[in-house]
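Structure assessment
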Amino acid sequence: MNENNEAFLTPGIVGLGKGLPDKVITNLELEKMVETSDKWITSRTGIKERRVLEKDEPPSSLAVSASREALDNAPIDNDDVDLLVVATNVSDMPIPGSSPFVADKLDLRPEIPFFDLKAGCSGFLYSLDVAYNFVLSGNYHNVLVVGLEALSRVVNWDDRSTCVLFGDAAGAGVVSRSGSTGRILASSTFGDPSKSRLIRLEGGGTRFPPADGNKDGRNYYVEMEGKGVFKSAVNMMKSSSLQVLTEAGYSLDEVDWIVPHQANIRIIKQLAKSMGITMDRVIVNLDRYANTSTATIPVALEEAVSGGSIQSGDLVLLTAFGAGAAYGATLIKW
């Protein structure tokens, strides 16, 4: 154990929350929508059901729910928040994003800055890194970080290779110097642009603007190269995890829990195998929520903490891989 890290109080996550849609789509229901089966989905992905927004529900509403819960659980008042970061890949609107809609619905101090951050499924860890360094600098004291995704809006529900994988959710955390929980010991983020096309949604940006949508509708759906994602995800999450442990001065044997991005159970199991750890040290909840991209880690972390799996003093490793390819890891002492 690194006693120097124990003695030095660093910014930490002092409150967690999650926001989930009420609507559930099970694998059995998907069997009626697309050519697939519960057996096929479960064996290939580990997913049994997913949550999706109703058509009239704005995605940012999930972030608002998650944020309110995180703030309720934090030892600060709402008006103590001085920065909002919303990690999301497909925002409520291309302009102005999702963060202003989240800020508008929360009872925060007027005129605090806010912005969206896009870094694939690693967005929440990238946002934690931003919050950690902003708080450490002294320029900000309490940063509200949200992982928000509504991928049900951008998947092709006729394509069984992608529609079975994703769900909608939001998870939030308050990063602060107040309190003693969730201390961030180290954070490492990386990128490999050579793998930028492994996961993509091409339409809607300036390369393929909205006016081009009628020419090729598939540009407006998430596409993925499964084999490339599998190999890259395992290797990148492993390398970033080992890097952050080295940086913090800990060994893998000292880690109590790993909270990986909840993309696919086969990826998670292969990651555990490659790192030589047993699955009883890995937090998994993708069977109930599927892949919610930036929301997977904060939702899984919140459930592990509120459910009592993660206890005070536990060493917790977060790791993720996503479009870009952006990847990274964060080490926390709870």
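My aim in this report is to walk through the structure given alongside it, one point at a time. (Residues numbered from 1 in each chain as written. Predicted model: local features only at pLDDT ≥ 70, side-chain atom pairs only at ≥ 80, totals over all residues. Heavy atoms only, no water.)

**Here's the deal with the overall build of the protein**
The following threshold applies: A helix here means a DSSP run of H or I that spans at least four residues, while a strand means a run of E at least two residues long, and both kinds are numbered starting from the N terminus. Only the C-alpha atoms count toward the radius of gyration. The rule for a globule is 2.2 Å times the residue count to the power 0.38. Accessibility here uses a 1.4 Å probe with only protein chains present; expressed as a share of the type maximum, an area under 20% marks a residue as buried, one over 50% as exposed, and anything in between as partly exposed. Note that accessible areas follow from Shrake-Rupley with a 1.4 Å probe, and for residues the cover is restricted to the protein chains shown. As used throughout, the charge tally considers Lys and Arg to be positive and Asp and Glu to be negative, leaving His and the chain termini uncounted. Where a charge sits is defined by one atom per residue type, namely NZ (Lys), CZ (Arg), CG (Asp) or CD (Glu).
Check the secondary structure of the protein and you find 11 helices and 13 strands. In terms of C-alpha radius of gyration, the protein reaches 19 Å, essentially the compact-globule figure of 20 Å for 334 residues. With the principal axes as the frame, the protein shows a C-alpha extent of 55 × 50 × 35 Å. Burial statistics for the protein: of 334 residues in total, 55% are counted as buried. Of the roughly 14500 Å² that the protein leaves accessible, carbon and sulfur atoms contribute 49%. With 32 positive and 42 negative side-chain charges, the protein shows a spacing of 9 Å between the two charge centroids.

**Some remarks on the nonpolar core**
Test applied: Within this scheme, the nonpolar core is defined by two criteria: the residues are buried Ala, Val, Leu, Ile, Met, Phe, Trp, Tyr or Cys, and they are joined through side-chain atoms within 4.5 Å. Working rule for contacts: check all heavy atoms of both residues, and any pair within 4.5 Å makes them a contact.
Judged by nonpolar contacts, the single largest core of 47 residues is most densely connected at Leu317, Phe321 and Leu331. Going through the elements one at a time, β8 (183-191), α8 (226-248), α9 (265-275), β12 (315-322) and β13 (326-333) are the ones with two or more residues in this core. Element by element, the count of residues in this core is highest for α8, at 8 residues. Ignoring anything within four residues of it in the chain, the contact list for Leu317 reads Ser241, Val244, Val255, Trp257, Ile258, Val259, Met275, Ala329, Thr330 and Leu331. If you look at the next biggest cluster of nonpolar residues, it comprises 30 residues, including Val175, Ile184, Ala304 and Ala320.

**Some words on the environment of Glu31**
Note the cut-off: Two N or O atoms count as a polar contact when they lie within 3.5 Å, although within protein this holds only if one can serve as hydrogen donor and the other as acceptor, and sequence-adjacent residues are included solely when both atoms are side-chain atoms.
Residue position: Glu31 is located in the loop between α2 (27-30) and α3 (38-45). Separated by 177 residues in sequence, Glu31 and Phe208 have C-alpha atoms that sit 33 Å apart. Beyond its immediate sequence surroundings of up to four residues, Glu31 is in contact with Thr36, Ser37 and Asp38. Within polar-contact distance, the side chain of Glu31 engages the backbone nitrogen of Asp38 at 2.8 Å.

**With respect to the side chain of Ser98**
Here Ser98 lies in the loop between β4 (83-87) and α5 (99-105). For Ser98, a relative accessible area of 0% corresponds to the buried category.

**Points about empty space enclosed by the protein**
Stated formally: The rule is simple: put a 1 Å grid over the protein atoms alone, call a set of points where a 1.4 Å probe fits but cannot get out a cavity, call an open set with protein on both sides within 12 Å along at least five of seven lines a pocket, and count a residue as lining if it has an atom within 4 Å of a point. Grid points are joined across faces, edges and corners, and a volume is the space filled by probe spheres set on the points. Asp, Glu, Lys and Arg are counted as charged, while Ala, Val, Leu, Ile, Met, Phe, Trp, Tyr, Cys and Pro are counted as nonpolar; the rest, among them Gly, fall into the polar class.
Taken as a whole, this structure holds 1 cavity of 30 Å³ or more when the rule is applied. Approximately 40 Å³ is the volume found for the largest cavity. Leu20, Ala169, Gln262, Asn285, Tyr289, Ala290, Thr292, Thr296 and Val299 are the residues that line the largest cavity. By residue class, the composition of the lining of the largest cavity is 5 nonpolar, 4 polar and no charged.

Remember that the coordinates give geometry; whether it matters functionally is a separate question.
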